[in-house]
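Read off the chains here:
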Amino acid sequence: MSLKKKFFELKEQLSEHNNAYYNATTLISDLEYDRLKSKYEKFLQENPKFVELDDLGVGAKPNSKFKKIKHISRMLSLANSFNLDDLKDFFNKAENFLNKKISKNEFIVDCKIDGVSLALTYQNNKLVKSLTRGDGIIGEDVTRNVSNIIGIPKKLKYCKSNLIEIRGEVFFNREDFNLLNKQLEEKSQFSNPRNAASGSLRQIDNNITENRPLRFIPHGYGHISNDNEFISYESFLEFCSKNDFLLSNLSKKFNNFEKINIYINEIEKTRDEIPFDIDGMVVKVNNIKDQIDLGNTSKYPRWALAAKFNAEKALTKVLKIDLQVGRTGAITPVARLKPINIGGVMVSNATLHNFDEIKKKDIRINDSVWVKRAGDVIPYISEVDKSKREKNNQEFKIPNKCPCGKYQIIKLNEETVQRCNGGSKCPYQYVESLKYFVSKKAMNIDGLGEKQIEKFIELKFISKKLDIYYLDRYKKEIIDLEGFGQKSFDNLILSIEKSKRTTLSRFIFSLGLRYVGENNSELLANYFHSKESFKSFISSKNLNLELENIDGLGNKATNSFSEYFKNKDQLSEAISILNLLDIEIIKDNNRGSNESILFTGTLSELSRDRAKDLAKKKGFKIASNVSSKLNYLVYGEKPGSKLKKAQELKVRTLTEKEFLELIN
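Residues numbered from 1 in each chain as written. Predicted model: local features only at pLDDT ≥ 70, side-chain atom pairs only at ≥ 80, totals over all residues. Heavy atoms only, no water.

A. A look at the overall build of the protein chain. In terms of helices and strands, the protein chain carries 23 helices and 24 strands. By its C-alpha atoms, the protein chain is 95 × 55 × 55 Å across when sized along the principal axes. Scored against the burial criterion, the 664 residues of the protein chain give a buried share of 48%. Contacts spanning at least 24 positions in sequence make up 69% of the contacts within the protein chain whose residues lie at least 6 apart. Summed over all atoms, the accessible surface of the protein chain reaches about 34400 Å², with 46% contributed by carbon and sulfur. Placing the 110 positive and 89 negative side-chain charges of the protein chain at their respective mean positions leaves the two points 1 Å apart. (Helix = DSSP H or I, 4+ residues; strand = E, 2+ residues; numbered from the N terminus. Buried < 20%, exposed > 50% of the residue type's maximum accessible area, 1.4 Å probe, protein only. Contact = heavy atoms within 4.5 Å. Areas by Shrake-Rupley, 256 points an atom, 1.4 Å probe, with all protein chains shown as cover. Lys, Arg positive; Asp, Glu negative; His and termini not counted. Charge placed at Lys NZ, Arg CZ, Asp CG, Glu CD.)

As structure tokens, this is what we get:
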């Protein structure tokens, strides 16, 4: 790929995510967003000839539904640091730029609130205008929407300037955010407080904004008519306090980078005790004259830096431990947490994996715990902060009975996971199997989520998988349900009809058999080719003998499959559903038949699921790990240890481009 093409691709990606970030939607996590920004900026540093083509600005284009107004002075963003070395390096460069020491080496450290930037203009001490950041040059006029925001005074009592612009963050306290979401329909709920603040501030109907408990804390000022208003950032904070602005009350003055770093780490460990979300601390040169002398780049001030917290983890509290029962009876303990924002996502639950994990990490109710979340990984507890443990926090006792109350929790010798022994008779396993049946990778029925399935079971519209295909019998009852209606019902029935045109492998996968995942479902489908031969097979008395002929199908999968179809009710239901489905016969003329392939790293042209799907259609078996039997490893960016292992084993490795050439 040429450098020019790479630049425009990076720029387009960042532009898309800038717009999402500043317009109350989230396409990627904050961590991924920060990485993308760093990648873009590093590219410009290494290839300065593209700087003149960099016109992204620091925010997003103002929304056309609001009046657009130019900021008196540009509203910039902040450069990021992620460790002590970044911090030292940034301010060393600042001193080199000044060619002198920063006055008294004084810095003010305060919270970086995860909210929405707002500029308030006061003329003759009266609030006359309120603008969002927009793209940093032009903002949206939201003056009508700020009258009820807590912490915004309509008049200034103490101010020497005829014209002053106060800049800060609009945000929700976490408690207020949780209450707001409870009042909204599920489809209208916000994913995190920042998105809620942006969506609430930027309402055309200002009555909606007025009825939401938004808050504002200043973090600086823009244009000012009296240059002598402030001599230090510390005096600016005193000015804000006297004029009834809200403050974080966590700002501190330092003259030592090591002490600054210690304070940042202290705040990171106690951030769950702060009522609002912060994603780092801001370090600013205290002396205003030094700030003016340092000036700004096109995007950032040279006198301030955002010291970002680890976007993958946060400290919070375990409120209780619940047990979840999976479709195969696996019991998974789940920690219910005091909600915390990790990487732009509100996290209130974390998997504890199994009972051994609880014991090993000694996790107790009311413990303070570090919770990690990376990308699409389910949040989990990495460790307990035992320094915060209270004496009455008791060890968790493993129960003998499944949460359904009817069956025992058992542990097989070779397994770590413990299971309910009730099988399909356990109501929890039964509900989970239905959810799995309609899921995206299975029969892919939209409009039939967790809540709908549970409601339809409660109303006895569904008692088994087959009943899903006859839900149109309950048209009137479903339309009358809260949250439904004619359109929702029509969409549901359309989705059910669309699901009938599927593949044999999807159907096998949808049954949710233990040890029969995507790969084994593909093996079975490719072996039998058609639904007719499959129906004949599952009705056979010699299931195990037939299964032994399938190369690559292990004993566990074989036993699970044969046990499922020994049950007459399950056999009958499977055949009845197959009779309703339109399944194309598989032709055995694929290029990759009996060859295995594995994908690792981030692909640029295809999603991982799309790449797997293309490989499967060409007859490849998708492998789960690198071994000497693997035929191909396809790698993208950051391939990790799999690429190294494949090279050591002399497995053929392919770039994404080479993979596409192979299958085409």
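Continuing now.
B. Local environment of the sheet that holds strand β7 (residues 163–171). Here we have 4 strands laid out as an open sheet, ordered β5-β4-β7-β8, and antiparallel in their pairing. Pairing within the sheet leaves two strands with one partner each, and these edge strands are β5 (126–132) and β8 (215–224). Averaged over neighbouring strand pairs, the angle between their axes works out to 30° when direction is ignored. Judged from the 8 bridges that link them, strand β4 (residues 116–123) and β7 form a sheet pairing that is antiparallel. Bridge pairing in β7 places Ser117 opposite Glu169. Strand contacts of helix α5 (residues 193–201): β4, β5 and β7, with the helix running at about 45° to β4, the strand carrying the most contacts. (Pairing = 2+ DSSP bridges. Axes fitted to C-alpha atoms, helices over the stretch in contact; angles between N-to-C directions.)

C. View of the pairing of β4. Extensive coverage of β4 is indicated by the burial of 7 of its 8 residues. Sheet analysis places β4 next to β5, joined by 6 bridges and oriented antiparallel. Each bridged residue has a counterpart across the sheet, and for Gln123 the counterpart in β5 is Lys126. The hairpin turn running from β4 into β5, its antiparallel successor, is 2 residues long, and Asn124 in that turn takes a positive phi close to 50°.

D. Looking closely at the nonpolar core. Phe534 and Phe561 are the most contacted members of the largest nonpolar core, which has 47 residues in total. If sequence neighbours within four positions are ignored, Phe534 has contacts with Leu504, Phe507, Ile508, Phe528, Phe561 and Leu578. (Core = buried A, V, L, I, M, F, W, Y, C linked by side-chain atoms within 4.5 Å.)

E. Just the packing of aromatic side chains, in detail. This model, assessed by the stated rule, comprises 30 aromatic pairs. Ring plane angle 45° and centroid distance 4.9 Å describe the contact between Tyr221 and Phe230, whose orientation is recorded as tilted. For the ring pair Tyr436 and Phe509, a centre distance of 5.2 Å and an interplane angle of 40° mean the geometry is tilted. Here the residue Tyr436 occupies a position in helix α11 (residues 427–438), and Phe509 occupies one in helix α15 (residues 504–510), the gap between them amounting to 73 residues. Three or more aromatic residues joined by ring pairs make a cluster, and in this case those are Tyr527, Phe528, Phe534, Phe537, Phe561, Tyr564 and Phe565. Across the ring face of Tyr158, the terminal group of Lys242 is positioned such that the distance to the ring centre comes to 5.4 Å. (Phe/Tyr/Trp six-rings, centres within 6.5 Å; stacked < 30°, edge-to-face > 60°. Lys NZ or Arg CZ within 6 Å of the ring centre and 35° of its normal.)

F. Here's a closer look at the packing of helix α17 (residues 531–538) against helix α20 (residues 568–580). It is the contact of α17 with α20, at a shortest axis distance of 11 Å, that shows an interaxial angle of 170°. The orientation of α17 relative to α20 falls into the category roughly antiparallel. Taken together, the residues of α20 that come into contact with α17 (itself represented by Lys531, Phe534, Lys535 and Ile538) are Leu571, Ala574, Ile575, Leu578 and Asn579. (Parallel < 35°, antiparallel > 145°, perpendicular 65-115°, else oblique.)

G. Region of the structure containing the sheet that holds strand β10 (residues 278–285). One open sheet accounts for 5 strands, arranged β2-β11-β10-β3-β9; its pairing is mixed. Edge strands, defined here as strands with exactly one partner in the open sheet, are β2 (79–81) and β9 (252–254). Strand after strand, the sheet turns through a mean of 35° between neighbouring axes, direction not considered. Where β10 and strand β11 (residues 304–308) come together, 5 bridges link them in antiparallel fashion. Bridge pairing links Lys284 to Ala304 in β11. Against the sheet, helix α3 (residues 84–98) touches β2, β3 (107–113), β10 and β11, its axis set at about 175° to β11. Contacting β3, β9 and β10, helix α7 (residues 233–242) runs over the sheet at an angle of about 50° to β3.

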